[in-house]
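# Summary of structural features
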Amino acid sequence: MLNHINILGINYKIKYLNDLIERENLYGEIDYHKQTIRIDESMRRDRKVRTLIHEILHGIMESLGYNDINCDEEKIQNISNALYLLLENNPKLLSLFSLR
Ligand SMILES: [Zn+2]
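Criteria and thresholds
- Residues numbered from 1 in each chain as written.
- Predicted model: local features only at pLDDT ≥ 70, side-chain atom pairs only at ≥ 80, totals over all residues.
- Heavy atoms only, no water.
- Salt bridge = Lys/Arg side-chain N within 4 Å of Asp/Glu carboxyl O.
- Buried < 20%, exposed > 50% of the residue type's maximum accessible area, 1.4 Å probe, protein only.
- Helix = DSSP H or I, 4+ residues; strand = E, 2+ residues; numbered from the N terminus.
- Pairing = 2+ DSSP bridges.

With that settled, the discussion passes to the pattern of salt bridges. Evaluated as defined, the whole model comprises five salt bridges. Across the salt bridge formed by aspartate 19 and arginine 23, the nearest N and O atoms sit 3.5 Å from each other. When its relative accessible area of 65% is taken as the criterion, arginine 23 is described as exposed. We note a salt bridge from arginine 44 to aspartate 46, for which the minimum N-O separation is 3.0 Å. A single salt-bridge network, built from bridges that share partners, covers Glu24, Glu29 and Arg38.

The following block contains the structure:
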């Protein structure tokens, strides 16, 4: 899995923990100050990817200053699911980037 991600110029370290759900009742979490994203490792792969996209979207909204959207978990969840399905259902979309 991915260990680092650059979100609009800010580098985040991605940590995979096996007890995040059990200990903190979280699938994932982004910390803007520590520049870390934590993901529970015990989930199935597709759930981990969905959670990662969700946290990345929080990071994008934070960087853009879109606080109203960032605080709206339903909007973040729906947009991140839409992005996940877009990428999942159109695998050639990502391959366009490797053509450069
Ligand atoms: Zn969230």
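This is not the end of the story, as more comes after the structure.
So, about the pairing of strand 4 (residues 36–40). Burial within strand 4 is extensive, with five of its five residues counted as buried. Alternating positions in strand 4 separate into two faces, Thr36, Arg38 and Asp40 on one and Ile37 and Ile39 on the other, with burial throughout. Here strand 2 (residues 10–17) pairs with strand 4 via five bridges, running parallel. When the sheet's bridge partners are listed, tyrosine 16 is paired in strand 4 with isoleucine 39.

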